[in-house]
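Descriptive structure summary
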Amino acid sequence: MTEIFGIPIQAFLGQLMLGLVNGAFYAMLSLGLAVIFGLLDIVNFAHGALYMVGAFAAWIMLDKWGINYWVALIVAPLVVGALGVVIERLFLKRLYGLDPLYGLLLTFGLSLILEGIFRDQYGVSGQSYPVPDALAGATNLGFMVLPNYRAWVVLASLVVCLGTWFLIERTRLGAYLRAGTENAKLVQAFGVNVPLMVMLTYGAGAALAAMAGVLAAPVIQVTPLMGSNLIIVVFAVVVIGGMGSILGSVVTGLGLGVIEGFTRVFYPEASNVVVFVIMAIVLMLRPAGLFGKEA
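So, a few notes on the structure that sits alongside this text. Once a new chain begins, its residue numbering starts again from 1 and follows that chain's sequence as written. Where totals are concerned, whole chains, interfaces and linings use all residues; where local detail is concerned, this predicted model gives features only for residues with pLDDT of at least 70, and gives and counts side-chain atom pairs only at 80 or more. The side-chain quantities take in all heavy atoms of the structure and omit both hydrogens and water.

1. A look at the packing of helix α1 (residues 9-40) against helix α10 (residues 246-266)
- The angle between two axes is taken between their N-to-C directions and runs from 0 to 180 degrees, where each axis is a line fitted to C-alpha atoms and a helix contributes only its stretch in contact. In this description a helix means any DSSP run of H or I spanning at least four residues, a strand means any run of E spanning at least two, and both kinds are numbered starting from the N terminus. The N-to-C vectors of α1 and α10 enclose an angle of 150°; their axes lie 6 Å apart at closest approach. The handedness of the crossing between α1 and α10 is right-handed.
- Each residue receives one of three labels: charged for Asp, Glu, Lys and Arg, nonpolar for Ala, Val, Leu, Ile, Met, Phe, Trp, Tyr, Cys and Pro, and polar for the others, Gly being one of them. Considered class by class, the residues forming the contact of α1 with α10 number 16 nonpolar, nine polar and two charged. Working rule for handedness: look at the near helix, and if it is turned counterclockwise from the far one by less than a right angle, call the crossing left-handed; if clockwise, right-handed.

2. Some points on α1
- Any helix carries an expected span of 1.5 Å times its number of residues minus one. Look at α1: 45 Å from first C-alpha to last across 32 residues, which is about the 46 Å you get at 1.5 Å a residue.
- By the criterion of burial, α1 is predominantly enclosed, with 23 of the 32 residues buried.
- At the exit of α1 stands Asp41, carrying a positive phi of roughly 60°. Accessibility here uses a 1.4 Å probe with only protein chains present; expressed as a share of the type maximum, an area under 20% marks a residue as buried, one over 50% as exposed, and anything in between as partly exposed.

3. Quick notes on helix α4 (residues 100-122)
- Between its terminal C-alpha atoms α4 stretches 33 Å, which fits the 33 Å expected from 23 residues at 1.5 Å a residue.
- Whether two residues are in contact is decided by their heavy atoms: any pair within 4.5 Å suffices. Summarising the contacts, the buried residues of α4 are in contact with α2 (47-65), α3 (69-90), α8 (194-216) and α9 (228-241).
- Of the residues one or two after α4, Gly123 is the one with positive phi, at around 70°.

4. Notes on the pattern of salt bridges
- Here, a salt bridge means any side-chain nitrogen of Lys or Arg that lies within 4 Å of a carboxyl oxygen of Asp or Glu. The tally for this structure, following the rule as stated, stands at four salt bridges.
- Glu115 is the salt-bridge partner of Arg119, the closest N and O atoms lying 3.8 Å from each other. Here Glu115 and Arg119 lie together in helix α4, a separation of four residues that amounts to about one turn.
- Overall, Arg119 belongs to the partly exposed group, its relative accessible area being 41%.
- Judged by relative accessible area, Glu115 falls into the buried class, the value being 14%.

Written out as structure tokens, the structure reads:
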């Protein structure tokens, strides 16, 4: 069989791969949002800006200091994670216990500030980031040609997402985090430093956004607008999966990336809105999201 639904099989599988790559970015970004909202009850609108800062951090390290991709993949998330810690300590800690709208407005303002700083320094034109030599080229699988870097993005995203889910849902540290957000005073009575855990949780969420930015840098142009162009779709992914549901964010992100990719083949005009159509349908049938818990 050389065709699937009237489409050449190579084109079909190529679009599947592109959808998985987009879904990998959706999954990593929505994972960070789900971690921050699920554990801190903060709607973090600055997540897209932190994703952009991560990509720019990798580009600056290569352009100014010659630091390669593999080092940037570790250093950039640490730098942006430290920025997240500063944001949490200076601003967000004052909003705990208040209406989540305050956190949304604050982080929206922070995202505009970060975007404005990078637009002032680098303009709106994109900066290219080369694919690392070890992942250049493609592999011929016989039925399709698989770009090595895109395969790496999907694999790395799955490892990070599943590792984060396991850490939070299946380890003692994750149990402390979840308990600390439910009843901070009780957990502190057992000697656990809850404010430190909260601070590091926001930092970890920021680091996840930055890692997605580094992974995206060789695939798309690094630009100050890259985060704002993506964050609305990522919020839709989180809503569909269920606000605060980590597994839901991962599964939904990958699935919607594939659906969006196939929509570009069968009905290109709808590719930019298909995620929001699905969100509307899910909210009508299941307001808590596919993996969310009903109140």
